[in-house]
Amino acid sequence: MNIYMMRHGLTDWNSAHRMQGRSDIPLNETGLAQARAAAEGMRDLPLDYIAASPLTRTQQTAETVAACFGLPVHQEECLIEMGFGDLEGLVVTEHPLCKTIFTDPCGYTPLGDGESYPELLRRARIIVDQLIRPLEAQHHQNVLLVSHGAVIRAVVAALTELPLAELWRNPPQKNCSVTVLDCTDGVVTLVEEGRIYGR
């Protein structure tokens, strides 16, 4: 089974370098255009299942692709972005912890009800064990999962046994870029990061 993990399209908070997390910010016009381009670029893929995080920006991205295939979008809570608690809405330069999230994951302690990295990595394993593997067992062949930057990086880290300190060793995925995974007989592996469709 091929799994295409797509990051959502651009939002105004992405453009302003604000900590977005679970704040429900919609796509802006550029993000909508990115989603349309991705949908056109994926048109020849035989997608047979689409799921997305419950946040508006991922739902909009997924629905744009789904319209090309006549498929519904299934909402999956486990795909929601890492929660940044009291840091959400801040420009990354407004609090030192905002930088720590990306430069020193091992030293990051969330403020308020934010999600810790160990919690995020546990959720990444849930995505693999309780979402991806069961979809293969249901005989799906080509699955699109629309999620968020930190979640996708965490899934890659879980699959490749990447140390937490190196979770952000690669730049964050571009908006609407795709991380490709393979699931064969329950074994999930990384195929490619940062694939762009339609641009």
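A brief report on the enclosed structure follows. (Residues numbered from 1 in each chain as written. Predicted model: local features only at pLDDT ≥ 70, side-chain atom pairs only at ≥ 80, totals over all residues. Heavy atoms only, no water.)

### Describing the overall build of the chain
Looking only at helices and strands, the chain features six helices and six strands. Reading the helices (α) and strands (β) of the chain from amino to carboxyl end gives β-α-α-β-α-β-α-α-β-α-β-β. In terms of overall dimensions, the chain has a C-alpha envelope of 45 × 35 × 25 Å along the principal axes. When the 199 residues of the chain are sorted by exposure, 51% land in the buried category. For the chain, long-range pairs separated by at least 24 residues make up 70% of all intrachain contacts whose partners lie at least 6 apart in sequence. One finds the centroid of the 16 positive side-chain charges in the chain at a distance of 5 Å from the centroid of its 25 negative side-chain charges. (Helix = DSSP H or I, 4+ residues; strand = E, 2+ residues; numbered from the N terminus. Buried < 20%, exposed > 50% of the residue type's maximum accessible area, 1.4 Å probe, protein only. Contact = heavy atoms within 4.5 Å. Lys, Arg positive; Asp, Glu negative; His and termini not counted. Charge placed at Lys NZ, Arg CZ, Asp CG, Glu CD.)

### Regarding the side chain of Glu-81
Here Glu-81 shows up in the loop between β3 (74–75) and α4 (96–103). Arg-57 provides the closest opposite charge to the buried, salt-bridge-free Glu-81, at an N-O distance of 5.2 Å. Those residues in contact with Glu-81 that sit more than four places away from it in its chain are Gly-21, Arg-22, Leu-55, Arg-57, Glu-115, Arg-123, His-148, Gly-149, Ala-150 and Val-151. (Salt bridge = Lys/Arg side-chain N within 4 Å of Asp/Glu carboxyl O.)

### Here's the deal with helix α2 (residues 29–41)
The terminal C-alpha atoms of α2, which comprises 13 residues, lie 18 Å apart, in line with the 18 Å expected from a rise of 1.5 Å per residue. The complete set of buried residues in α2 reads Gly-31, Gln-34, Ala-35, Ala-37, Ala-38 and Ala-39. (Expected span 1.5 Å × (residues − 1).)

### As for the layout of surface pockets
The volume enclosed by the largest pocket comes to roughly 430 Å³. As for the largest pocket, its lining consists of 19 residues, and the residues nearest its centre are Arg-7, Asn-14, Arg-18, Phe-102 and Pro-172. By residue class, the composition of the lining of the largest pocket is eight nonpolar, seven polar and four charged. (1 Å grid on protein atoms, 1.4 Å probe; cavity = no way out; pocket = protein on both sides within 12 Å on 5 of 7 lines; lining within 4 Å. Points joined across faces, edges and corners; volume = space filled by probe spheres on them. Nonpolar A, V, L, I, M, F, W, Y, C, P; charged D, E, K, R; others polar.)

### Overview of the pairing of strand β6 (residues 187–195)
In this sheet, β6 lies alongside strand β5 (residues 178–184) in antiparallel orientation, the contact comprising six bridges. The residue of β6 that forms the bridge with Val-178 is Arg-195. The antiparallel hairpin formed by β5 and β6 contains two residues in its connecting segment, where Asp-185 sits at a positive phi of about 55°. (Pairing = 2+ DSSP bridges.)

### Examining the sheet that holds strand β2 (residues 49–52)
Whether parallel or antiparallel, the strands of a sheet pair through hydrogen bonds between backbone atoms. Ordered by their spatial adjacency, six strands build an open sheet running β3-β2-β4-β1-β5-β6, and the pairing between neighbours is mixed. With one partner strand each, in any of the chains shown, β3 and β6 form the two edges of the open sheet. Across the face of the sheet, helix α3 (residues 56–69) comes into contact with β1 (2–7), β2, β3 and β4 (142–147) while running at roughly 165° to β2. (Axes fitted to C-alpha atoms, helices over the stretch in contact; angles between N-to-C directions.)

### What to know about the nonpolar core
Membership of the largest hydrophobic core comes to 38 residues, with the highest contact counts inside it found for Ile-132 and Leu-145. Residue assignment for this core shows that the elements contributing at least two residues are β1, β2, α4, α5 (117–137), β4, α6 (149–160) and β5. It is α5 that contributes the most residues to this core, nine residues altogether. Apart from residues lying up to four places away in sequence, Ile-132 is in contact with Met-1, Ile-3, Ile-127, Leu-145, Leu-181, Cys-183 and Val-188. With 20 residues, the next largest nonpolar core counts Met-6, Ala-35, Met-42 and Val-178 among its residues. (Core = buried A, V, L, I, M, F, W, Y, C linked by side-chain atoms within 4.5 Å.)

### Things to note about α3
For α3, which comprises 14 residues, the first-to-last C-alpha distance of 20 Å matches the rise-based estimate of 20 Å (1.5 Å per residue) to within 8%. Within α3, burial applies to Arg-57, Thr-58, Gln-59, Thr-61, Ala-62, Val-65 and Ala-66. Downstream of α3 by one or two residues, Gly-70 has phi in the positive range, about 65°.

### Brief notes about the packing of aromatic side chains
Counting across every chain of the model gives three aromatic pairs. Plain terms: the ring middles of Phe-102 and Trp-168 are 5.0 Å apart, the flat faces sit at 70° to each other, and that makes the pair edge-to-face. Placement of Phe-102 in helix α4 and of Trp-168 in the loop between α6 and β5 is noted, with a sequence separation of 66 residues between them. You can call Phe-102 partly exposed: its relative accessible area is 33%. (Phe/Tyr/Trp six-rings, centres within 6.5 Å; stacked < 30°, edge-to-face > 60°.)

### Concerning the pairing of β1
Burial of β1 is extensive: five of the six residues sit out of reach of the surface. Bridge count between β1 and β4: six bridges; the pairing is parallel. Across the sheet, the residue bridging to Asn-2 is Asn-142, located in β4. Sheet topology note: the β1/β5 ladder contains five bridges and is antiparallel. Counterpart to Met-6 in the pairing with β5 is Val-178.

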